[in-house]
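# Structure at a glance
Spelled out from the first residue to the last, the chains are:
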Amino acid sequence: MYALLFAEPVLDRDVVRVGTREGIFSSPLIRACAQGDRASIRALLIGFWPFVQAFERAIDQRVGHLPLRPLVERFGQSRVKTFFSEAREAVREMKEEEGSHALLWVAGAKELGIDLNADQYPQLSSVENLIQASTSDDPVEFFSWLAGVEYLAEELSAYLCHAPAFISTFPSGRWIWGEAHNAHDHHGPSHLEIDEDLARAYHPSNDPQIVGATMGANIRRCIHLFDKAADQIQETLVQPEKVS
């Protein structure tokens, strides 16, 4: 089981959640989904699918390739040996779960008659920006980014899974991808806690304020790019369907 390196978080998670929630609640696309607009729900599932799929691959590329030297210099050889074994397992678990979460996204789309794997859909420039930002070679940026995606997934799921008009559009009466991100049944630290812990461990500074500023800026950028992608999805994928 992964043991966190730092006992206290460097970020105020409640503050980050509020900022994330504000972006989600103010998004025309997400609000329309919550109101049960089928064209918007279809656009959400199609538009963000390339990122959901690519995010799984980004984590996969990290497994077994975490840099060792910065941690040895900071924590010592003995502690890092144990740390790395646990960290690799934690990242591998993230990859496996994101893979299953991608399958849940596909399954939810299929309930609405959308075959994301068989049909060809456009990949929007704003979604491509999200994908590119998730492939950083800098471990501080990468794990901060993973944390940002966790905040987004949890807040998006909490909002839409408690929106009756949204849930009722699925024949099963459930959005299983959202339910997976609402469930907190991990043994030990959550993925969000692990992401933040790893980002902090790789940061060269020992000053919590400096580390927190860096991580916070990365997470805010993630949330900002998600908001921009939601706007472009709404403008590009919803309107044509309404006109037809």
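Everything here concerns the structure above.
These figures come from a predicted structure and were not determined experimentally. (Residues numbered from 1 in each chain as written. Predicted model: local features only at pLDDT ≥ 70, side-chain atom pairs only at ≥ 80, totals over all residues. Heavy atoms only, no water.)

### Points about the overall build of the protein chain
Within the protein chain, the secondary structure is distributed over 12 helices and 0 strands. The N-to-C order of helical and strand elements in the protein chain reads α-α-α-α-α-α-α-α-α-α-α-α. Buried residues in the protein chain amount to 50% of all 244 residues. Excluding contacts between residues fewer than 6 apart, the proportion of contacts in the protein chain whose partners are at least 24 apart in sequence is 82%. (Helix = DSSP H or I, 4+ residues; strand = E, 2+ residues; numbered from the N terminus. Buried < 20%, exposed > 50% of the residue type's maximum accessible area, 1.4 Å probe, protein only. Contact = heavy atoms within 4.5 Å.)

### So, the nonpolar core
Within soluble globular proteins, side chains that are nonpolar generally end up buried alongside one another. Residues L29, F48, W105, W145, L160, F166 and W175 are the most contacted members of the largest nonpolar core, which totals 76 residues. Among the elements that make up this core, the one with the highest residue count is helix α8 (residues 139-161) (13 residues). Each residue touching L29, except ones within four places of it in the same chain, is listed here: S40, A43, L44, F48, A230, I233, Q234 and V238. (Core = buried A, V, L, I, M, F, W, Y, C linked by side-chain atoms within 4.5 Å.)

### Quick word on the packing of aromatic side chains
Counted according to the given criterion, the structure contains 10 aromatic pairs. Both rings, one in W105 and one in W177, keep their centres 4.9 Å apart while their planes meet at 90°; by these two values the pair is edge-to-face. Here W177 lies in helix α10 (residues 176-182) and W105 lies in helix α6 (residues 77-111), a separation of 72 residues in the sequence. Here W105 falls in the buried class, since its relative accessible area comes to 2%. On the accessibility criterion, W177 (7% relative accessible area) is buried. With 6.4 Å between their ring centres and 5° between their planes, F143 and Y202 make a pair best called stacked. Of the two residues, F143 is situated in helix α8 and Y202 in helix α11 (residues 191-202); the sequence distance between them amounts to 59 residues. The buried category is assigned to F143, whose relative accessible area is 0%. Ring pairing ties together the aromatic residues W105, F166, F170, W175 and W177, which thus form one cluster. (Phe/Tyr/Trp six-rings, centres within 6.5 Å; stacked < 30°, edge-to-face > 60°.)

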